[in-house]
Amino acid sequence: MAEVTRSHSVLLQLAVTFFVFLSLLNNGNAGITSTFIRSEWPALDIPLDNKVFAVPKGHNAPQQVHITQGDYDGKAVIISWVTPDEPGSNMVHYGKSENNYELTAKGTVTNYTFYKYKSGYIHHCLVGDLEYNTKYYYKIGSGDSAREFWFHTPPKIGPDTPYKFGIIGDLGQTFNSLSTLDHYIQSGGQTVLFVGDLSYADRYQYNDVGLRWDTWGRFVERSTAYQPWIWNTGNHEIDYMPYMGEVTPFKNYLQRYTTPYLASKSSNPLWYAIRRASAHIIVLSSYSPFVVYTPQWQWLREELKNVDREKTPWLIVLMHVPIYNSNDAHFMEGESMRAVYESWFIQYKVDVVFAGHVHAYERSYRISNIRYNVTSGYPYPVPDKSAPVYITVGDGGNQEGLASRFRDPQPEYSAFREASYGHSTLDIKNRTHAIYHWNRNDDGKRAETDSFVLRNQYWAGSHRRRKLKKHNWSLEVY
């Protein structure tokens, strides 16, 4: 057994060393603007009669099933679904073996109107006290219309717990969106970190807005019913439509998608935090007040103090609007949030910040722009080893199409950029290193296009490297 463990350790070291070598090749001083151009499917939503939007068979059968983490530490899930005709059962039956649902949990049910559209009956059910690293089966609905699914709980929180996240943004419901979703499902990702802009239903009017929220829920169910999606909002969730008499921001989203915000002492479901495996994940709202003294600012100040890098060494931030972006689309829109939060990201050694909004892909070097205070200081971004890597993955495939115009020349802080559809994965190996991939949707195939080894900011210091050696860690590659 010891020999097998040593063999696995050697193989892991070789794999990480290989990726470090590739990273060094790809991380010189000059950034890369990819010239790749692919023939893409038209940026049009899939027709309503397509099978990807099929309504489940049976009277009042549950649909639009999705799960998300239900607590702070990953021992609970929130299971949500819609029954179209009547409330029906709001119970979840679940257990650790198929067709043996010895446990039950009771949820809530509600519905709402948007203009003259009336939603189905929306169910949210918290299922708690789950065991770590366990496969659970669950059943919702009743009689012949009942439906069955399953999910895996994460491993117990720990500094060297491996885990693979997927990162998707600005998805929509086009054939390009379908390509992204199918490729992600094949990636082996265990949980999606979603960086905002779900359905793009706000591209429609009147009753079609609610209709396209319904179709998107059925569209993504092939993934969302089986693994948690950690939700964040973008501008396309605001749904501010005064010409229809709808002036409550995020109304459709907040009715349909819930988050465990109370578990992290947040006052609003649009910003919150969770811990999962070896990662501490912070979700910020780009379209809620975030300046000094606002509720989001005060919450983040306290949440960053709660991060324990000895237990969850990986600190990941999700937002919708990128604070570093060299595309003409949405250029400088993230500047106000950067001015407020960037110094905190450096102070607390955030490892990576994922954003969407720009319909292209871009990765930065580790840089910062905190030396300028309007009256003095250097006003341009500079290399900063204490800074996070900023990655824009707003390339899910929505009907607005790609943002193909990058600014020229490429800024020195920009490491790689390409206007293509795709998704990313972050494969955490241990407390020191994770392997990152951006996967392009290349003519119907998943193509690993940008990759590097992400070095953990907290455990990269010389003091902590000496501490690792005392624990017989030998992945000393930086």
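Reading the values: the criteria
Every chain is numbered on its own, with residues counted from 1 as its sequence reads. Where local features are concerned, this predicted model is filtered to residues with pLDDT of at least 70; where side-chain atom pairs are given and counted, the filter is 80 or more; whole-chain, interface and lining totals use all residues. Side-chain measures here rest on the full set of heavy atoms in the structure, leaving out hydrogens and waters. When DSSP finds two or more bridges between two strands, those strands count as paired. The secondary structure listing takes helices from DSSP runs of H or I that are at least 4 residues long and strands from runs of E that are at least 2 residues long, numbered from the N terminus. The contact criterion used is simple: two residues touch if any of their non-hydrogen atoms lie within 4.5 Å. Note on geometry: axes are lines fitted to C-alpha atoms, helical ones only across the stretch in contact, with angles between N-to-C directions running from 0 to 180 degrees. Classification of residues uses two cut-offs on accessible area relative to the type maximum, computed with a 1.4 Å probe and protein chains only: under 20% is buried, over 50% is exposed, and between them is partly exposed. A pair of Phe, Tyr and Trp rings is counted when the ring centres sit within 6.5 Å of each other, with Trp represented by its six-membered ring. The angle between the planes then sorts it: under 30 degrees is stacked, over 60 is edge-to-face, the rest tilted. Counted as over-ring charges are cases with an Arg CZ or a Lys NZ within 6 Å of the ring centre that also lie within 35 degrees of the ring normal. Any angle that is under 35 degrees is reported as roughly parallel, and any over 145 degrees as roughly antiparallel; angles of 65 to 115 degrees are reported as roughly perpendicular and all others as oblique. Under the convention adopted here, Pro, Cys and the residues Ala, Val, Leu, Ile, Met, Phe, Trp and Tyr are nonpolar, Asp, Glu, Lys and Arg are charged, and Gly plus all remaining residues are polar. A patch is a set of surface residues, each over 30% in relative accessible area and not in a salt bridge, joined within 9 Å for like charges and within 5 Å for the nonpolar side chains Val, Leu, Ile, Met, Phe, Trp and Tyr. Using a 1.4 Å probe, accessible areas were evaluated by the Shrake-Rupley method; residue-level cover was limited to the displayed protein chains. Salt bridge, as applied in this entry: a Lys or Arg side-chain nitrogen positioned within 4 Å of an Asp or Glu carboxyl oxygen. Only buried residues count toward a nonpolar core, which is a set of Ala, Val, Leu, Ile, Met, Phe, Trp, Tyr and Cys residues joined through side-chain atoms within 4.5 Å. By convention, the crossing between two helices is left-handed when the near helix turns anticlockwise from the far helix through less than a right angle, and right-handed when the turn is clockwise. Residue-level confidence of the predictor is what pLDDT reports, using numbers from 0 through 100. Any pair of nitrogen or oxygen atoms within 3.5 Å is treated as a polar contact; in protein, a donor-acceptor pairing is required on top of that, and neighbouring residues in sequence qualify only through side-chain atoms on both sides.

**Q** Just checking my understanding: could you explain the sheet that holds strand β16 (residues 279–283) for this structure?
**A** Consider a sheet: its strands pair through backbone hydrogen bonds, and that pairing is either parallel or antiparallel. Here 8 strands make up an open sheet; going across it, the order is β1-β23-β19-β22-β18-β17-β16-β15 and the pairing mixed. Only two strands of the sheet have a single partner each, and these edge strands are β1 (32–33) and β15 (272–276). Where β15 and β16 come together, 5 bridges link them in antiparallel fashion. Opposite Arg275, over in β16, you have His280 as the bridge partner. Where helix α5 (residues 295–306) meets the sheet, its contacts fall on β15, β16 and β17 (314–318), and the angle it forms with β16 comes to roughly 175°.

**Q** Looking at this model, I keep getting lost on the pairing of β16. Mind explaining?
**A** Along any regular strand the residues' side chains alternate between the sheet's two faces. Most of β16 is tucked away, with 5 of its 5 residues classed as buried. Neither face of β16 is exposed, since Ala279, Ile281 and Val283 on one face and His280 and Ile282 on the opposite face are all buried. Linkage of β15 to β16, two consecutive antiparallel strands, is achieved through a turn of 2 residues, within which Ala277 is found at a positive phi near 60°. Alignment of β16 against β17, held across 5 bridges, turns out to be parallel. Bridge pairing links His280 to Leu315 in β17.

**Q** What should I look at first to understand the packing of aromatic side chains in this one?
**A** Pairs of aromatic rings are described using the distance from one ring centre to the other and the angle between the two planes. Under the criterion given, the structure shown has 34 aromatic pairs. Geometrically, the ring pair formed by Phe149 and Tyr226 is edge-to-face, given 5.6 Å between the ring centres and 70° between the ring planes. Taken together, the residues span a long stretch of sequence, with Phe149 in strand β11 (residues 147–152) and Tyr226 in the loop between α3 (207–224) and β14 (229–230) at a distance of 77 residues. Residue Phe149 is classed as buried on the basis of its relative accessible area of 4%. Taking relative accessible area as the criterion, Tyr226 reaches 27% and is therefore assigned partly exposed. Taken together through their ring pairs, the aromatic side chains of Tyr94, Tyr136, Tyr138, Phe149, Trp150, Phe151 and Tyr226 make up a single cluster. The ring of Trp150 has Lys135 lying over it, and the distance from NZ or CZ to the ring centre is 4.4 Å. Seen from the ring of Phe331, Arg407 lies directly overhead, with NZ or CZ sitting 3.9 Å from the centre.

**Q** Any chance you could explain the packing of α5 against helix α6 (residues 335–347) here in plain terms?
**A** A packed helix pair is summarised by two numbers, namely the angle formed by the two axes and the spacing between the axes. In the contact formed by α5 and α6, the axes pass within 11 Å of each other and the chain directions differ by 5°. With respect to α6, the axis of α5 lies roughly parallel. In this structure, α5 contributes Gln296, Trp297, Leu300, Arg301 and Leu304 to the contact, and α6 contributes Val340, Tyr341 and Trp344. Of the residues belonging to the contact of α5 with α6, the class tally is 6 nonpolar, 1 polar and 1 charged.

**Q** How do you make sense of a nonpolar patch on the surface when you look at a structure like this?
**A** Side chains of Tyr115, Tyr206 and Tyr243 sit close together on the surface and give an oily, nonpolar patch of about 290 Å² of accessible area. Considering the arrangement of structural elements, one finds Tyr115 in the loop between β7 (113–114) and β8 (117–118).

**Q** What is the right way to read the nonpolar core from this model?
**A** Judged by nonpolar contacts, the single largest core of 88 residues is most densely connected at Phe219, Tyr341, Phe345 and Phe354. The residues touching Phe345, leaving out its near neighbours within four places in the chain, are Leu284, Val317, Met319, Ile323, Val350, Val353, Pro388 and Tyr390. Residues Tyr94, Phe149, Phe151 and Ala225 belong to the second largest nonpolar core, which totals 17 residues.

**Q** What is the right way to look at the pattern of salt bridges in this model?
**A** Any two side chains of opposite charge can pair, so long as their charged atoms come close to each other. Counted according to the given criterion, the structure contains 18 salt bridges. Ionic contacts of the salt-bridge type, sharing partners, join the residues Arg301, Glu302 and Lys305 into one network.

**Q** Help me out: how do you make sense of the environment of Gln173 in this one?
**A** Here Gln173 shows up in the loop between β12 (163–168) and α2 (175–185). Counting along the chain gives 223 residues from Gln173 to Gly396, while the straight-line C-alpha distance between them is 9.3 Å. Among all residues touching Gln173, those that are not within four sequence positions of it are Asp45, Ile46, Phe53, Ser199, Arg212, Thr215, Trp216 and Phe219.

**Q** Mind showing me how you'd approach the packing of α2 against α3 here?
**A** At a minimum axis distance of 10 Å, the contact between α2 and α3 shows a crossing angle of 15°. On the basis of the axis angle, α2 is roughly parallel to α3. Of the two possible hands of crossing, α2 and α3 adopt the one that is left-handed. Taken together, the residues of α3 that come into contact with α2 (itself represented by Ser177, Leu178, Leu181, Asp182, Tyr184 and Ile185) are Phe219, Val220, Arg222 and Ser223. A per-class count over the contact of α2 with α3 returns 6 nonpolar, 2 polar and 2 charged.

**Q** Even after reading the chapter, I still don't get the confidence of the model for the chain, so can you show me in this structure?
**A** When pLDDT is low, close inspection of the predicted coordinates is not appropriate. Across the chain, the average pLDDT comes to 90, with 87% of residues at or above 70. Low confidence marks residues 16–28, where pLDDT is under 50. Its contacts with residues over four positions away, or in another chain, come to 23 contacts. Every residue in residues 465–478 is under pLDDT 50, and counting partners more than four places away or in other chains gives 30 contacts.

**Q** Would you mind going over the sheet that holds strand β10 (residues 135–140) with me for this structure?
**A** If you trace the 4 strands from one edge of the open sheet to the other, you get β5-β4-β10-β11, paired in antiparallel fashion. The two strands at the open ends of the sheet, each matched to only one other strand, are β5 (103–106) and β11. Mean inter-strand twist for the sheet, computed between neighbouring axes without regard to direction, equals 30°. Two strands pair when backbone bridges link them, and strand β4 (residues 91–95) and β5 are joined in this way by 4 bridges, in the antiparallel orientation. Counted as the bridge partner of Met91 is Lys106 from β5.

**Q** Can you walk me through α2 in this structure?
**A** Of all 11 residues in α2, 8 are buried, a share of seventy percent or more. Within α2, burial applies to Asn176, Ser177, Leu178, Ser179, Thr180, Leu181, His183 and Tyr184. The N-terminus of α2 is capped by Thr174, whose side-chain oxygen sits 3.1 Å from the backbone nitrogen of Asn176.

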